[in-house]
Each structure stands twice: as structure tokens, then as C-alpha cells.
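If you want the building blocks of each chain, they are given just below.
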Amino acid sequence: MEAVWASTPWIGRVLSGIAIAFLAVDTIGKLLRVTPVIEGTLKLGYPESAAFQIGLILLVGVILYAIPRTSILGAIYLTGFLGGALASHFRIGSPLFSHILFAVYVAVFVWGGLALRNPRLLSLLIDAR
């Protein structure tokens, strides 16, 4: 059992890395105004001009999350951002499992990765009563 707990930081880094990579690609797509990303922004009911601003907001969260000292603040920040994404998809009637809940899937990677690479947070979450 000890070997399993010893590998949790690495599993956490992998989960966090996947979340950071996905969110960074989305950020870059918004900042560079990549056509499919802009089309998605328009489908959600936002003007094309909002994509860059949303990209900057997301960039702040990704940077906060990627820095170990501010990763918990970044996870909280990204949770709010992902909640907005979930609400936007829900509002326009997107499919449940592929679009609406996708923000939840990313949040699970964000918080799961953070908890597995931070033993104090993991013990807080496990021992919470």
C-alpha cells in the first residue's frame, strides 16, 4: 500500500499536466483567434470580440494553477471559470455528456491532480468529516 501512496504525486502531476495542456490550448486558441475556437465562442452567444478577453481571463487561471505556490488559488479560480463554461453550454442546450459536463471533467482533473500532488490537501479532503 505504501508504494501506491508514493506514486500519487506523479499521478497528480500527470492529471494536472493534462488539465494545464487542455486549458493552455484553449487559451492560445482564444488569444490567437483560431477559427474553430471563435466559432465555438459565437455558438455560445458571445461576440467575437469577447474571445480575446476570455482567453486572458483563462490565462490568469492557468498560470496561477501551474505555479505550485498559487495552485490552490488557481484551482479555485479555474473552478469559477469552468462553472461559467458549464452554464453557457447549459443555456444554449448543448449535449449533456459531451459539452455541458466537459467542464466538470476538466475540474476533476484540476482538483484530482492538485490533491494527489499535495499531501496536505489530500489528507484534508480524505479526513474531512
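Our structure is the block above this text.
Since the model is a prediction, treat every value here as computed from it, not as a measurement. (Residues numbered from 1 in each chain as written. Predicted model: local features only at pLDDT ≥ 70, side-chain atom pairs only at ≥ 80, totals over all residues. Heavy atoms only, no water.)

Draft legend 1. Broad picture of the pattern of salt bridges. Taken as a whole, this structure holds one salt bridge when the rule is applied. Among the ionic pairs, Asp26 bridges to Lys30, the shortest N-O distance being 3.0 Å. Of this pair, Asp26 and Lys30 are both found in helix 1 (residues 2-31), four residues apart, which corresponds to roughly one turn of the helix. A relative accessible area of 11% means that Lys30 is categorised as buried. (Salt bridge = Lys/Arg side-chain N within 4 Å of Asp/Glu carboxyl O. Helix = DSSP H or I, 4+ residues; strand = E, 2+ residues; numbered from the N terminus. Buried < 20%, exposed > 50% of the residue type's maximum accessible area, 1.4 Å probe, protein only.)

Draft legend 2. Here's a closer look at unusual backbone geometry. Residue Arg33 is not a glycine yet carries a positive backbone phi of 55°. If you trace the backbone, Arg33 turns up in the loop between helix 1 and helix 2 (35-43).

Draft legend 3. Molecular detail of the side chain of Thr41. Among the structural elements, Thr41 can be located in helix 2. If we skip the residues at most four places from it in the chain, Thr41 touches Tyr46, Pro47 and Ala51. (Contact = heavy atoms within 4.5 Å.)

Draft legend 4. Structural view of the packing of aromatic side chains. Following the criterion strictly, the structure yields two aromatic pairs and no others. Ring geometry for Phe102 and Tyr105: centres 6.3 Å apart, planes at 80°, overall edge-to-face. With Phe102 and Tyr105 both in helix 6 (residues 102-117) and three residues apart, the pair spans about one turn of that helix. The class for Phe102 is partly exposed, based on a relative accessible area of 35%. With a relative accessible area of 37%, Tyr105 lands in the partly exposed category. Taken together, the aromatic side chains of Phe22, Phe102 and Tyr105 make up a single cluster linked through ring pairs. Lying across the ring of Trp10, Arg13 places its NZ or CZ 4.6 Å from the centre. Arg117 extends its terminal NZ or CZ atom over the ring of Tyr65, reaching a point 5.1 Å from the ring centre. (Phe/Tyr/Trp six-rings, centres within 6.5 Å; stacked < 30°, edge-to-face > 60°. Lys NZ or Arg CZ within 6 Å of the ring centre and 35° of its normal.)

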